[in-house]
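One-letter residues, chain by chain:
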Amino acid sequence: MGYILRRFLSTLPVMAVVAVVVFLLIHLSPGDPAALIAGDLASVEDIEKLRAALGLNLPLWQQFAIWLGKLFTGDLGTSIFTQVPVVQLLAQRLEPTVSIAVLTMALTLVLAVPLGTLAAYRAGSWIDRLVMLFAVLAFSVPVFLVGYLLIYAFAIQLPWFPVQGYVRLSDSPGQWLRGLVLPCVNLALVYIALVTRMTRATVLEVLHEDYIRTARAKGLGVLPVLGHALRNAAIPIATTVGVGIALLIGGVVVTETVFAIPGVGRLVIDSVQRHDYPVIQSVLLLSAGVYVLINLLIDLSYRLFDPRITY
């Protein structure tokens, strides 16, 4: 419990630095934020009115104090473009993004760990070369290109899945799952390649350990041997999965754009184009918070895989 509390407290300075950087984003970006938001046809008086309305005419420290105070009360501000509270916008867009992220990581774990373990066990064989070829291709081809190929093959030529859009889980679970197949496969390919390569490397190293050779010499079967190897290789794999979840936040933006899914990624793209700074700041802050939380959970999970680890 003491270690968990210390690790949690160690995340607070990180989040404080992130909050400062995110706040300064609006001031470090080139150009006058009020002029960018007002548009090319706005007069000087209009820009000054907008600057006063946004509080941009106040001293920087005062703006930061006001913004930080609102954060502590759960107020992320109001969208400049839609005039809707940012919390409400995020709540509307969160379900598609969370659905894609959860299904993508589930698909990754179900496929990548067995593939990597099989490649390690049959190292040097045609199976190993085939798995590694798949991993290299999945890494090399851009996500958006794979997305358009999947749409052309499985939504246009073979109309098995919808081209784009999103159906809420509460409306129709079947249509919800059908609509997420192509986006999740598209996004999962990169992470399957990443976790497969890491699983192969770590399991292959463990398979050369003395205790594994002893287990084989005593006649232990293939599956129990691989089970022992996988358990001892779990920490690097868990770390890679954690990094993959963090990178997933960026990958979702591309996938939601390709498949026209109204999630947080699309919200970010629209907000950047409209210079909607309150939304951009909130999404960046929440993304950093999720990244820090995932790293904390990964650190805490190490003891589950190896009870010898003490804190």
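Look up a bit, the structure's there.
Presented here is an overview of the structure given in this document. (Residues numbered from 1 in each chain as written. Predicted model: local features only at pLDDT ≥ 70, side-chain atom pairs only at ≥ 80, totals over all residues. Heavy atoms only, no water.)

### Comments concerning the overall build of the protein chain
Worth spelling out the cut-off: In DSSP terms, a helix is any run of H or I states spanning at least four residues, a strand is any run of E spanning at least two, and both are numbered starting from the N terminus. Any two residues whose heavy atoms approach within 4.5 Å are treated as being in contact. Asp and Glu are treated as the negative residues and Lys and Arg as the positive ones, with His and the ends of the chain left uncounted. Where a charge sits is defined by one atom per residue type, namely NZ (Lys), CZ (Arg), CG (Asp) or CD (Glu).
Looking only at helices and strands, one finds 13 helices and 0 strands in the protein chain. Each helix and strand of the protein chain, placed in order from N terminus to C terminus, yields the pattern α-α-α-α-α-α-α-α-α-α-α-α-α. Residue pairs in contact within the protein chain that sit at least 24 positions apart in sequence constitute 73% of those at least 6 positions apart. Between the centroid of the 20 positive side chains of the protein chain and the centroid of its 17 negative side chains there is a distance of 14 Å.

### Looking at the packing of helix α5 (residues 86–121) against helix α13 (residues 277–305)
Note the cut-off: To get an axis, a line is fitted to the C-alpha atoms, and for a helix only the part in contact is used. The angle between two axes follows their N-to-C directions and goes from 0 to 180 degrees. Every angle not falling under 35 degrees, over 145, or within 65 to 115 is termed oblique; those three ranges are roughly parallel, roughly antiparallel and roughly perpendicular. Put simply, a crossing is left-handed when the front helix is turned counterclockwise from the back one by less than a right angle, and right-handed when it is turned clockwise. When residues are sorted by character, Ala, Val, Leu, Ile, Met, Phe, Trp, Tyr, Cys and Pro go into the nonpolar class, Asp, Glu, Lys and Arg into the charged class, and all the rest, Gly among them, into the polar class.
The geometry of α5 relative to α13 is characterised by a closest axis approach of 10 Å and an angle of 60° between their N-to-C directions. Classified by the interaxial angle, the pair formed by α5 and α13 is oblique. As α5 packs across α13, the resulting crossing turns out to be right-handed. Contact with α5, carried on its side by Val 86, Leu 89 and Leu 90, involves Pro 278, Val 279, Ser 282, Val 283 and Leu 286 of α13 and no other residues of that element. Residue composition of the contact of α5 with α13, by class: 7 nonpolar, 1 polar and no charged.

### As for the pattern of salt bridges
Note the following rule: Whenever Lys or Arg places a side-chain nitrogen within 4 Å of a carboxyl oxygen from Asp or Glu, that contact is recorded as a salt bridge. For every residue, the accessible area (1.4 Å probe, protein chains only) is compared with the maximum for its type, and the residue is labelled buried under 20%, exposed over 50%, or partly exposed between those bounds.
What the rule picks out here adds up to 3 salt bridges. Among the ionic pairs, Arg 200 bridges to Asp 128, the shortest N-O distance being 2.7 Å. Remark: Asp 128 occurs in helix α6 (residues 126–140) and Arg 200 occurs in helix α8 (residues 173–207); sequence separation between them is 72 residues. Considered together, Arg 200 and Asp 128 belong to a single accessibility category, that of buried residues.

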